[in-house]
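Inside the fold
Single-letter residue listing:
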Amino acid sequence: MKVLVVGQGGREHAILWQIKKSEKVKKLYCAPGNGGTTSIAENVPIRPDDISGLLDFCAKEKIDLTVVGPEIPLALGIVDSFQERDLRIFGPTKAAARLEASKVFTKELCDDENIPTAWFEIFTDVKKAKDFIKSKGAPIVIKADGLAAGKGVVVAKDIDEALDAVDEILVKKAFGSSGERLIAEEYLEGEEASVIVVSDGENIVPLASSQDHKRIFDRDEGPNTGGMGAYSPAPVVTDKVFNDTVSKIIKPAISGMKRKGITFKGVLYAGVMVTKSGPKLLEFNARFGDPETQAIFPRLDSDLLELMNLSIDGSLKNYELKWSKKACVCVVMASGGYPGKYEKGKEIHGLERAGGLNDAFVFHAGTRLENDKILTDGGRVLNVIGLGDGIRKAIDKTYEACGVIKFDGMHYRKDIGYRALERTKTVNRKP
Ligand code: AMP
Ligand code: GLY
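In this text, all values refer to a predicted model and were calculated from it rather than measured experimentally. (Residues numbered from 1 in each chain as written. Chains lettered and ligands numbered in written order. Predicted model: local features only at pLDDT ≥ 70, side-chain atom pairs only at ≥ 80, totals over all residues. Heavy atoms only, no water.)

1. Quick look at the site of ligand 1
Around ligand 1, 15 residues are found, and the nearest of them are Lys143, Glu185, Glu186, Leu188 and Glu192. Residue Glu192 places a side-chain N or O atom 2.4 Å away from an oxygen atom belonging to ligand 1. One of the side-chain N or O atoms of Glu283 is found 3.2 Å from an oxygen atom in ligand 1. Burial of ligand 1 by the protein chains amounts to 93% of its free accessible area of 470 Å². At the level of secondary structure, the elements contributing two or more residues to the shell around ligand 1 comprise strand S7 (140-144), strand S8 (153-156), strand S9 (182-186) and strand S17 (278-285). Split into classes, the residues belonging to the shell around ligand 1 amount to eight nonpolar, no polar and seven charged. (Near = heavy atom within 4 Å. Polar contact = N/O pair within 3.5 Å; in protein donor to acceptor, adjacent residues only side chain to side chain. Areas by Shrake-Rupley, 256 points an atom, 1.4 Å probe, with all protein chains shown as cover. Helix = DSSP H or I, 4+ residues; strand = E, 2+ residues; numbered from the N terminus. Nonpolar A, V, L, I, M, F, W, Y, C, P; charged D, E, K, R; others polar.)

2. Topic: the confidence of the model for the chain
Looking at the chain as a whole, the pLDDT averages 96, with 98% of positions reaching at least 70. In this model, residues 427-431 is a region of pLDDT below 50 whose contacts with residues beyond four sequence positions or in other chains number eight contacts. (pLDDT = per-residue confidence, 0-100. Contact = heavy atoms within 4.5 Å.)

3. Structural notes on the sheet that holds strand S19 (residues 360-364)
Reading across from one edge, S12-S15-S18-S22-S19 is the order of the five strands in this open sheet, with antiparallel pairing throughout. If you trace the sheet from one side to the other, it starts and ends with strand S12 (211-212) and S19, each paired once. By the bridge criterion, five bridges tie S19 to strand S22 (residues 380-388) in an arrangement that is antiparallel. Considered in S22, the bridge of His364 is made with Leu382. Those strands touched by helix H1 (residues 10-19) are S19 and S22, and its axis lies near 120° from that of S19. (Pairing = 2+ DSSP bridges. Axes fitted to C-alpha atoms, helices over the stretch in contact; angles between N-to-C directions.)

4. Some details on the site of ligand 2
The full set of residues close to ligand 2 is Asp212, Tyr269, Asn285, Arg287, Gly289, Asp290 and Glu292. In this structure, an oxygen atom belonging to ligand 2 sits 2.8 Å away from a side-chain N or O atom of Arg287. One of the side-chain N or O atoms of Glu292 is found 2.7 Å from a nitrogen atom in ligand 2. Here ligand 2, which alone exposes 200 Å², has 89% of that area covered by the protein. Split by residue class, the shell around ligand 2 holds one nonpolar, two polar and four charged.

5. What to know about the packing of aromatic side chains
On inspection of all chains with the given rule, the structure shows 10 aromatic pairs. When the centroid spacing of 5.2 Å and the interplanar angle of 75° are considered together, the rings of Phe288 and Phe297 count as edge-to-face. By relative accessible area, Phe297 is classed as buried at 0%. The rings of Trp17, Phe361 and Phe363 are connected pair by pair, giving a single aromatic cluster. Over the ring of Trp17 we find Lys21; its NZ or CZ atom is 4.0 Å from the centre of that ring. One residue, Lys136, lies across the ring of Trp119, its end atom 4.6 Å from the ring centre. (Phe/Tyr/Trp six-rings, centres within 6.5 Å; stacked < 30°, edge-to-face > 60°. Buried < 20%, exposed > 50% of the residue type's maximum accessible area, 1.4 Å probe, protein only. Lys NZ or Arg CZ within 6 Å of the ring centre and 35° of its normal.)

6. Quick notes on the pattern of salt bridges
Under the counting rule described, the total for this entry stands at 36 salt bridges. One salt bridge connects Asp313 with Arg88, and the closest N-O pair in it is separated by 3.1 Å. Of this pair, Asp313 sits in helix H11 (residues 304-313) while Arg88 sits in the loop between helix H4 (78-84) and strand S5 (89-90), placing them 225 residues apart in sequence. Its relative accessible area of 47% is what places Asp313 among the partly exposed residues. A residue is classified by how much of its surface remains accessible, and Arg88, at 29% relative accessible area, is partly exposed. A salt bridge links Asp415 to Arg413, with the shortest nitrogen-to-oxygen separation between them at 2.9 Å. Each member of the pair, Asp415 as well as Arg413, is classed as buried. (Salt bridge = Lys/Arg side-chain N within 4 Å of Asp/Glu carboxyl O.)

This is the structure in structure tokens:
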């Protein structure tokens, strides 16, 4: 099979790396890819939102399967366009991807299907939004309706911060049409986790649990980022939390969509807050998480290509994935200044040494290959991966690999996996 992966981050490098293991794969492409994907795939210079460019490429090269990494092409309807041209593609249609592309759509579905989530109100009017916020008080969470690259959510500690967020979204239009509607919702306390499944529209197959580290600084301080690291499995996802998330959140969402005439095929990612009264939905994504995927796939002992094909064909019933018992950690190495302004083009040293360590390797994110050198080319540059028997060993292995990589201005969190470590200590279990 000839397979195209759309995207350019660490998630897409991890997808390619996992697909390449399949015996059925003859040739891999990545559009547009990065400095690391060149080692396993041919990079093609087409942007993920250039749907007609991708369509033409797949028709001309007779690509057997296209896998979409990021949310934007899904929200633009890449799956519908490919299906119209009889090209095989893994992922949800535009209508199904609304579960990620519109937070208002998802909140309304939660209401219809009794899915546990924070209480909420939807606003288009500035005064009504502000009056509501003043009557509820802080902390309170303000969200733009549409896609905003993870920046459309403000967890407001005081009322002024919440009122400013209303101005940003509804008055200054900081997120354009994504901010035509706004949600004000209850602040939930607890620990976050990601439960990701693959659906064929009817049946689901869960991936291993994981936890993301969204804040820039250690101990989850500072601004939100695209994700500074992740690990799998996540002990906060006990059997009860997992079963509740699947039975009260994921399955009702898929059957609720079906009632609306929408078949959800592809990846459904539930970001949940594990509260004292159980898991509550924070957000759905209609794609693999980044950087969760980079911590999950190294543990997968089954054929990812087969999983995706079964999803497309509606044949996931009774299908189960096999997982390594090892823990896996992913640490994101970022450019100096990220998540604010940063420079590109810094040479990266030590990649071969890091990749040569046992049970450690590197997925590239914001990198490019130029004159045989790997240079930085984005905010989140590398995903350093380590495996081990238990979270402690996986953490140590990952940081050993981080220790041999150098580029000007690089920074990374030193505490990825700390919550898992603390849980392991509390219950006095062997890691
Ligand atoms: P979202 O894109 O909706 O998942 O929000 C981004 C991040 O904001 C989440 O990962 C949480 O850290 C935080 N967040 C979102 N909604 C809430 C909430 N209702 N209560 C507390 N934190 C939240
Ligand atoms: N790690 C969060 C996301 O992929 O949206």
